[in-house]
Amino acid sequence: MLEEAKKVVIVGGGITGITAAYYLQKQAKEKSLPLTVMLIEATPRLGGKIKTIHKDGFIIERGPDSFLARKNSAARLAEAVGLSDQLVTSANGRSYVIANGQLHPLPGKTSMGILTQLSSFLTSSLFTIPGKIRACADFILPKSHPQSDQSLGRFFRRRLGDEAVENLIEPLLSGIYAGDIDKLSLMATFPRFYELEQTYRSLLIGMTRTMSASEQARGKDAGAFMTLKNGLETLVEAIEENLEEGSVLKGTRVDKIEMGAEGAYHLALNSGKTIRADSVVVATPHPTLPAMMPQYSFFAELKDMAATSVATVAMAFPKEAMAKNMNGTGFVVSRNSDFTVTACTWTHKKWPHTAPEGKGLLRCYIGRSGDETVVELSDAEIEHIVMEDLNKAMDIPKQPEFTIVSRWEKAMPQYTVGHKERLAEMRKQMNQDLPGLFIAGSSFAGVGLPDCIDQGEAAVRKVLDYLQF
């Protein structure tokens, strides 16, 4: 007698959800597992924040534009769905920091804001002499006492001092999460820094030793980021093409999830239908969990988990309009400067394939914790504000040929101190009360594309283990 097929439902069609669906179906096909997979997405399209626009020969990303090359899960997924020939690596080029209103070259070699080349740091215009002396105290300070968590700001201020944090580390690190460095959790965002301090005592020594090995492995001339020639949305499209016909339900919202007496899950849809599942993966933003499962009190605290609204502003120019300070790939902005823009990528320099010959493309970022109201302004107002900042930094004499503003409301979850402990407790309660239901996505264990893909893959392993395949 044939074994009855098990059914897995994945809620949420962003990169995490489609990764889980793809790899689950791949495992089921390769191992002939009695398993069916359904993916449910509330909007009419898959991909979540991944959106690519092709306009007048430009390739413009409305959401993420790349992923870290050293995290190989994104490239591996692209290769798996037939896009290996589309992968491109970012061009190398100098980056800048705007601190105290001035544009400074990023000093020497850094890894996520931490300097790994002392000579360039000592000669940098980004820091005062007292600031440099204070940062060098890292070489003699003892390692901190072991602790479960602390803020990024607290950790780095102790090691390197306020000036290094404000002028370099904060604009580089907190920009990734659009957050407040003095609230963001060290262990939930960059635990490697704590591990290096505990292992080598000095953070700078630890970074220097580990960076040298990393560079040798990847090659000194290799760019740090990767993307796809025709835009990241081609990855979404390729994954969707590889999903089994009829297994994706778009434009449908899951209103409620309940566990039945028999141990299966029942998902009530806004269409009025109910779907039964043996296992469920929820890969939606964190506010949806207490909304779909209000009967479980351990999801209630997700209502208080903050998320920041941000926007990207893409601007096209004639290349001659951007002659000044363009020997590089872009800049980030410290909070001690009178700028609304938090960062700007000189996209045509970093990714030459994204702009036609003779044209330039800038991609600016606005919105961060404590400064989100700008995202709510009109497109014209945002363009005016961004142009004022660009002129202060780069002296651009012409107006853009066109501007594309992309708003992302409450899109950046804030991993505040204690995030990992809270998540661990929630998962413990889920294991007890909701066996076979798993959560994944940018709200939980990393906001970058590889982090979300990793979580989708991890969810696949958990589902297969639970179903005993």
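(A) Region of the structure containing the overall build of the protein. Looking only at helices and strands, one finds 15 helices and 22 strands in the protein. Compactness check: the protein gives a C-alpha radius of gyration of 23 Å against a globular reference of 23 Å for 469 residues, within 12% of the reference. For the protein, contacts bridging at least 24 residues in sequence account for 72% of all contacts bridging at least 6.

(B) Local environment of unusual backbone geometry. The backbone of Ala178 sits at a positive phi, close to 50°, despite the residue not being glycine. Tracing the backbone shows Ala178 in the loop between α6 (162–177) and α7 (186–189). A positive phi angle, close to 70°, is found at Arg201, a residue other than glycine. As for its position among the elements, Arg201 is in the loop between α8 (191–200) and α9 (203–218).

(C) Region of the structure containing the sheet that holds strand β11 (residues 225–228). With antiparallel pairing, three strands are arranged side by side in an open sheet as β5-β11-β6. The open sheet has two edge strands with one neighbour each: β5 (67–68) and β6 (87–89). As paired strands, β5 and β11 are joined by two bridges and run antiparallel to one another. Looking across to β11, one finds that Leu68 is bridged to Phe225. Its contacts with the sheet put helix α2 (residues 73–80) on β5, β6 and β11, and the angle it makes with β6 is roughly 150°.

(D) Inspection of the pattern of salt bridges at higher detail. One pass over the structure, following the stated rule, counts 22 salt bridges. Residue Glu262 is joined to Arg276 by a salt bridge in which the shortest nitrogen-to-oxygen separation is 3.9 Å. Taken together, the positions of Glu262 in the loop between β13 (254–259) and β14 (265–269) and Arg276 in strand β15 (residues 274–277) put the pair 14 residues apart, joining distant regions of the chain. Look at Arg276 and you get partly exposed, because its relative accessible area is 42%. Through salt bridges that share partners, Asp138, Arg158, Arg159 and Glu197 make up one connected network.

(E) Fine view of the nonpolar core. With 61 residues, the main nonpolar core has Phe156, Ile257, Phe299 and Leu437 as its most contacted residues. Here the element with the most residues in this core is α6; it accounts for six residues.

(F) View of the environment of Ala164. Counting through the fold element by element, Ala164 comes out in helix α6. Put simply, Ala164 and Ala188 are 24 residues apart on the chain and 22 Å apart in space, counted from C-alpha to C-alpha. Discounting chain neighbours no more than four positions away, the residues touching Ala164 are Phe127 and Ile169.

(G) The arrangement of the packing of aromatic side chains in detail. On inspection of all chains with the given rule, the structure shows 12 aromatic pairs. Between the aromatic rings of Tyr96 and Trp346, the centroid separation amounts to 5.7 Å while the plane-to-plane angle is 45°, which identifies the pairing as tilted. Of this pair, Tyr96 sits in strand β7 (residues 95–99) while Trp346 is found in strand β19 (residues 341–346), placing the two residues 250 residues apart along the sequence. Comparing Tyr96 with Trp346, the two get one shared label, buried. Seen in terms of ring centroids, Phe155 and Phe156 are 5.1 Å apart; in terms of plane orientation they differ by 80°. Their pairing is edge-to-face. One exposure class covers both Phe155 and Phe156, and it is buried.

(H) Looking closely at the side chain of Ser442. When you line up the elements, Ser442 lands in the loop between β22 (437–439) and α15 (449–466). Exposure remark for Ser442: the relative accessible area of 17% places this residue in the buried category.

(I) Structural context of the sheet that holds strand β21 (residues 402–413). Pairing is mixed across the open sheet formed by seven strands, whose spatial order is β8-β7-β18-β19-β20-β17-β21. The two strands at the open ends of the sheet, each matched to only one other strand, are β8 (102–105) and β21. Taking each pair of neighbouring strands and ignoring which way they run, the sheet shows an average axis angle of 20°. In the sheet, β19 pairs with strand β20 (residues 359–366) via five bridges, with the strands oriented antiparallel. Its bridge partner being in β20, Ala343 is matched across the sheet by Tyr365. The sheet contacts of α6 involve β7, β18 (330–333) and β21, and relative to β7 the element is tilted by about 105°.

(J) Here's a closer look at the packing of helix α5 (residues 152–160) against α6. Running from amino to carboxyl end, α5 crosses α6 at an angle of 140°, the nearest separation of the two axes being 9 Å. Of the possible angle classes, the one that applies to α5 and α6 is oblique. Helix-helix and strand crossings are classified by hand; for α5 and α6 the assignment is right-handed. Where α5 abuts α6, its residues Phe156, Arg157 and Leu160 lie against Asp162, Ala164, Val165, Glu166, Ile169 and Leu173.

The rules behind the values
- Residues numbered from 1 in each chain as written.
- Predicted model: local features only at pLDDT ≥ 70, side-chain atom pairs only at ≥ 80, totals over all residues.
- Heavy atoms only, no water.
- Helix = DSSP H or I, 4+ residues; strand = E, 2+ residues; numbered from the N terminus.
- Rg over C-alpha atoms; globule rule 2.2 N^0.38 Å.
- Contact = heavy atoms within 4.5 Å.
- Pairing = 2+ DSSP bridges.
- Axes fitted to C-alpha atoms, helices over the stretch in contact; angles between N-to-C directions.
- Salt bridge = Lys/Arg side-chain N within 4 Å of Asp/Glu carboxyl O.
- Buried < 20%, exposed > 50% of the residue type's maximum accessible area, 1.4 Å probe, protein only.
- Core = buried A, V, L, I, M, F, W, Y, C linked by side-chain atoms within 4.5 Å.
- Phe/Tyr/Trp six-rings, centres within 6.5 Å; stacked < 30°, edge-to-face > 60°.
- Parallel < 35°, antiparallel > 145°, perpendicular 65-115°, else oblique.
- Left-handed = near helix turned anticlockwise from the far one by under 90°.

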